[in-house]
Amino acid sequence: MPRSNRPRGRKGPGADEEEFDAARLLGGWRRTEVRRGVTWNVQPISVLQAQKAYTCPACSLEIAPGTEHLVAWRTDGILGDEADLAARRHWHVRCWRIA
């Protein structure tokens, strides 16, 4: 049998620094985007996470439960982080891309 070059059972440097976060893996990756000079936090919402109906601010159509979409909120609001989170909106993925 050929020899495997993969290390087994040994942890490299820094292996204990970052813990496995299943919620982050399942929940998608939050990122920042700049649109028309405004910086936005964008969080994808998977089909499994989409439990409620929302109205898309771009097309005014309903985002049905079980529909993949994203949530966006400003990062540079004047009233602070709590106000920015309260003002977050759920968007269809396509509507966010063309807006």
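Above this text sits the structure in question.
All figures in this text were calculated on a predicted structure; none of them were measured in a lab. (Residues numbered from 1 in each chain as written. Predicted model: local features only at pLDDT ≥ 70, side-chain atom pairs only at ≥ 80, totals over all residues. Heavy atoms only, no water.)

Thoughts on the side chain of aspartate 84
And step 1. Residue placement: aspartate 84 occurs in helix H2 (residues 81–86).
And step 2. Leaving out residues up to four positions away in the same chain, aspartate 84 has contacts with Trp73, Arg74, Thr75, Asp76 and Gly77. (Helix = DSSP H or I, 4+ residues; strand = E, 2+ residues; numbered from the N terminus. Contact = heavy atoms within 4.5 Å.)

Structural notes on the sheet that holds strand E6 (residues 89–91)
And step 1. Across the sheet, four strands lie side by side as E1-E2-E5-E6; this open sheet has antiparallel pairing. Both edges of this open sheet fall to strand E1 (31–35) and E6, since each of them pairs with a single strand only. Averaged over neighbouring strand pairs, the angle between their axes works out to 35 degrees when direction is ignored.
And step 2. Direction of pairing for strand E5 (residues 69–74) relative to E6: antiparallel, over a ladder of three bridges. Looking across to E6, one finds that leucine 70 is bridged to tryptophan 91. (Pairing = 2+ DSSP bridges. Axes fitted to C-alpha atoms, helices over the stretch in contact; angles between N-to-C directions.)

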